[in-house]
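Residue-level listing of the chains:
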Amino acid sequence: MNGNEFGRLFRFTTFGESHGEAMGCTVSGCPAGVEISEDVVQEELDRRKPGQSMITTSRGEPDEVSIKSGTLEGYTTGTPIGMVIQNKDARSGKYEPFITAPRPSHGDYTYSAKFGTRNWGGGGRSSARETVNWVAAGAVAKQVLDQSDHDVQVKAHVSQIGDIEAEDVTWEDMLEHTEDNEVRCADPEKAEEMRDAIDRYQEEGDSIGGSVYFECRGVPRGLGAPRFDSFAARMGKAMFSIPATTAVEYGQGREARDMRGSDRNEDWEFDDGTREDVVSEEGDPVPVGNDHGGLQGGITTGEPIYGEATWHAPVSIPKKQETVDWETGETVEAQVVGRHDPSLPPRAVPVVEAMLRVTILDFMLLGGRINPDRLDDRPGEYDTAYHPESPQNDPDDADTMTESVDED
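Residues numbered from 1 in each chain as written. Predicted model: local features only at pLDDT ≥ 70, side-chain atom pairs only at ≥ 80, totals over all residues. Heavy atoms only, no water.

Asks: Teacher, can you tell me more about the overall build of the protein here?
Replies: Across its full length, the protein carries eight helices and 18 strands. Since a compact globule built from 408 residues should have a radius of gyration of about 22 Å, the 24 Å found for the protein is in line with a globular shape. For the protein, the C-alpha atoms occupy an extent of roughly 95 × 70 × 40 Å along the three principal directions. Residue burial in the protein is summarised as follows: out of 408 residues, 48% are buried. A separation threshold of at least 6 residues defines the contact pool for the protein, and within that pool the share at least 24 residues apart is 70%. Here the protein displays about 20800 Å² of accessible surface, and carbon together with sulfur accounts for 44% of that area. Distance between charge centres in the protein, computed from 39 positive and 80 negative side chains, equals 8 Å. (Helix = DSSP H or I, 4+ residues; strand = E, 2+ residues; numbered from the N terminus. Rg over C-alpha atoms; globule rule 2.2 N^0.38 Å. Buried < 20%, exposed > 50% of the residue type's maximum accessible area, 1.4 Å probe, protein only. Contact = heavy atoms within 4.5 Å. Areas by Shrake-Rupley, 256 points an atom, 1.4 Å probe, with all protein chains shown as cover. Lys, Arg positive; Asp, Glu negative; His and termini not counted. Charge placed at Lys NZ, Arg CZ, Asp CG, Glu CD.)

Next comes the structure, spelled out in structure tokens:
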């Protein structure tokens with residue numbers, strides 16, 4: 001099975017199935033000298049984990065991460081970082097009726113058709129539970145970015161649930177209010193309406209889709225390569241990789257189809273020192289506006305990168321549906337009664353942020369904005385603050401010991 005790795009220099013490879021023993025990932029390409037906190041990784045995982053509110057699945061996974069390699073005395077060594085998250089609350093019994101009777105609109109039949117078999121418990125590898133690995137990798141990327149010389153910030157919030165749309169919010173609104181409610185919507189009034197709507201769908205045995213708005217600030221200009229490795233192309237791949245994503249747009253997105261070229265085109269001006277949201281120096285050329293969403297020609301402009309991703313309604317619902325059992329040849333009733341989210345965007349927010357951070361960091365390493373070998377950008381220097389220290393006084397009974405050599 002291919003397709004388990006994302007990124008070019010900063011890469012992460014994942015493993016695990018929904019009801020398997022554990023989930024996990026290996027992060028390669030992380031520079032040495034980054035002070036890595038397992039607590040920071042855990043904080044991000046806690047934002048994504050199931051069972052955190054009544055509008056998420058009730059599956060009781062603590063999602064406790066354990067870093068197994070790639071660090072020494074709290075710092076990255078430049079070698080692969082291995083992380084493992086144990087599955088603690090998998091219950092596969094309710095999935096047995098669907099071993100040969102695929103659930104409507106799931107990956108059951110397509111996985112079986114491709115591989116001739118599949119891990120059917122909880123959806124196996126096709127389950128969105130696998131995104132726990134992505135958030136762990138994104139938390140590593142976050143710490144690299146936070147400790148670099150660049151002030152890169154990423155934030156997202158739920159902008160729509162069903163037909164309920166949040167009002168336009170500011171960057172400050174997202175920072176202040178996104179985590180104030182279970183929906184993760186930075187518009188408090190609309191958040192209450194969204195929560196009530198999710199409750200209604202859940203009571204009816206149904207589910208509902210929605211969207212997440214995202215914004216990245218402090219991203220330097222000049223990242224991305226034209227055509228197949230443009231920033232937009234890689235960002236789109238990152239977003240569409242998230243299960244159930246049906247649309248991704250940036251800048252004016254779909255609204256651009258109704259705009260004249262003369263309306264969408266951005267004039268240029270010189271930065272007069274007032275453009276605090278743009279990564280530029282006073283006197284540099286900067287676009288007057290940002291209908292392009294921080295990208296022109298597939299390359300970053302230094303302006304905020306913003307956009308929106310959309311998810312369809314969760315397909316695991318307790319409402320009665322029909323399927324066919326290829327083993328018995330019968331048409332059968334399908335009722336998915338496991339533990340599932342009634343709407344995906346609230347828990348998708350940390351996944352979106354993680355994938356954006358991974359994408360940005362990968363481009364920054366590729367572009368030489370961050371030294372891919374070591375965060376301090378001091379090639380050849382070996383006596384660093386993060387290098388292990390040698391014991392000064394070896395005990396007499398130690399297996400090895402050093403002695404000073406007197407030189408005449």
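Asks: Got a minute to help me understand the pairing of strand S3 (residues 22-28) in this structure?
Replies: Residues in a regular strand project their side chains so that they alternate between the two faces of the sheet. Burial analysis of S3 places six of its seven residues in the buried class, the great majority of the element. Where strand S2 (residues 11-15) and S3 come together, five bridges link them in antiparallel fashion. Paired with threonine 14 across the bridge in S3 is cysteine 25. Connecting S2 to the next strand, S3, in antiparallel fashion are six residues, including glycine 16 with a positive phi near 115°. Bridging between S3 and strand S7 (residues 81-86) involves six bridges; their strand directions are antiparallel. Its bridge partner being in S7, threonine 26 is matched across the sheet by glycine 82. (Pairing = 2+ DSSP bridges.)

Asks: How should I be thinking about the side chain of threonine 245 in this particular structure?
Replies: Take threonine 245: it is sitting in strand S11 (residues 245-250). On the basis of relative accessibility, which here comes to 13%, the residue threonine 245 falls in the buried class. Reaching out from threonine 245, the side chain makes a polar contact with the backbone oxygen of isoleucine 242 at a distance of 2.8 Å. Filtering out sequence-adjacent residues up to four positions away, threonine 245 remains in contact with Met239, Phe240, Thr310 and Trp311. (Polar contact = N/O pair within 3.5 Å; in protein donor to acceptor, adjacent residues only side chain to side chain.)

Asks: What's the story with the packing of helix H6 (residues 231-240) against helix H8 (residues 345-366) in this structure? I'm lost.
Replies: A pair of packed helices is characterised by two quantities: the angle between their axes and the separation of those axes. Relative to each other, H6 and H8 sit at 145°, their axes nearing to 9 Å. Once H6 is placed against H8, the crossing between them reads as right-handed. Residues Phe231, Arg234, Met235, Ala238 and Met239 of H6 form the contact with H8, whose own contacting residues are Val352, Met355, Leu356, Thr359, Ile360, Asp362, Phe363 and Leu366. Its residues placed into classes, the contact of H6 with H8 shows ten nonpolar, one polar and two charged. (Axes fitted to C-alpha atoms, helices over the stretch in contact; angles between N-to-C directions. Left-handed = near helix turned anticlockwise from the far one by under 90°. Nonpolar A, V, L, I, M, F, W, Y, C, P; charged D, E, K, R; others polar.)

Asks: I would appreciate a short explanation of the sheet that holds strand S8 (residues 153-161) in the present structure.
Replies: Sheets are built from strands paired through backbone hydrogen bonds, the pairs being either parallel or antiparallel. Strand order in this open sheet of five strands is S9-S8-S10-S16-S11, and the pairing throughout is antiparallel. Every interior strand has two partners, whereas the edge strands, strand S9 (164-165) and S11, have only one.

Asks: For this particular structure, what's the right way to read the side chain of threonine 323?
Replies: With respect to the helices, strands and loops of the structure, threonine 323 is situated in strand S17 (residues 321-325). Reaching out from threonine 323, the side chain makes a polar contact with the backbone oxygen of proline 102 at a distance of 2.6 Å. The residues touching threonine 323, leaving out its near neighbours within four places in the chain, are Ala101, Pro102, Glu330, Thr331, Val332 and Ala334.

Asks: Explanation requested: the pattern of salt bridges in the structure shown.
Replies: Here the idea is simple: oppositely charged side chains can pair when their charged atoms come close. Scanning the model with the defined rule gives 30 salt bridges in all. Note that arginine 195 and glutamate 182 form a salt bridge whose closest N and O atoms lie 1.9 Å from each other. Placement of the pair is arginine 195 in helix H5 (residues 188-203) and glutamate 182 in the loop between helix H4 (171-177) and H5, with a sequence separation of 13 residues. With relative accessibility at 36%, the residue glutamate 182 sits in the partly exposed group. Each member of the salt-bridge network shares a partner with another, and the members are Glu44, Arg47, Lys155, Glu179, Arg184 and Glu353. (Salt bridge = Lys/Arg side-chain N within 4 Å of Asp/Glu carboxyl O.)

Asks: Would you mind showing me how to read the nonpolar core here?
Replies: The nonpolar side chains of a soluble globular protein tend to be buried with one another. Counting residues in hydrophobic clusters, the biggest one holds 72 residues, and the most contacted among them are Phe10, Val27, Met83 and Val352. Per element, the largest residue contribution to this core is 13 residues, and it comes from H8. Each residue touching valine 352, except ones within four places of it in the same chain, is listed here: Ala156, Val212, Phe214, Met239, Ile242 and Trp311. Listed in part, the six residues of the second largest apolar core include Trp171, Met174, Ala186 and Tyr306. (Core = buried A, V, L, I, M, F, W, Y, C linked by side-chain atoms within 4.5 Å.)

Asks: Help me understand the environment of threonine 56 in this model?
Replies: With respect to the helices, strands and loops of the structure, threonine 56 is situated in the loop between helix H1 (38-48) and strand S4 (65-67). The contact partners of threonine 56, leaving out residues within four places of it in the chain, are Pro50, Gly51, Asp341, Pro342 and Arg347.

Asks: When you look at the pairing of S2 in this model, what are you seeing that I'm missing?
Replies: Burial along S2 is one-sided: Phe12 and Thr14 are buried, while Arg11, Thr13 and Phe15, pointing the other way, are not. Two strands pair when backbone bridges link them, and strand S1 (residues 5-6) and S2 are joined in this way by two bridges, in the antiparallel orientation. Paired with phenylalanine 6 across the bridge in S2 is phenylalanine 12. Between the end of S1 and the start of S2, which pair antiparallel, lie four residues, with glycine 7 showing a positive phi angle near 105°.

Asks: Teacher, can you tell me more about the packing of aromatic side chains here?
Replies: Taken as a whole and judged by the stated rule, the model has six aromatic pairs. Note on tyrosine 213 and tyrosine 306: the rings are 6.4 Å apart at their centroids and 35° apart in plane angle, and the pair reads as tilted. Of this pair, tyrosine 213 sits in strand S10 (residues 210-217) while tyrosine 306 sits in strand S16 (residues 305-311), placing them 93 residues apart in sequence. As far as burial versus exposure is concerned, tyrosine 213 and tyrosine 306 are alike and both buried. A ring pair is formed by phenylalanine 231 and phenylalanine 363, whose centres lie 5.2 Å apart and whose planes are at 25°; its orientation type is stacked. Placement of phenylalanine 231 in helix H6 and of phenylalanine 363 in helix H8 is noted, with a sequence separation of 132 residues between them. A relative accessible area of 1% places phenylalanine 231 in the buried class. The class for phenylalanine 363 is buried, based on a relative accessible area of 4%. Just above the ring of phenylalanine 363 sits the side chain of arginine 234; from NZ or CZ to the centre is 4.5 Å. (Phe/Tyr/Trp six-rings, centres within 6.5 Å; stacked < 30°, edge-to-face > 60°. Lys NZ or Arg CZ within 6 Å of the ring centre and 35° of its normal.)

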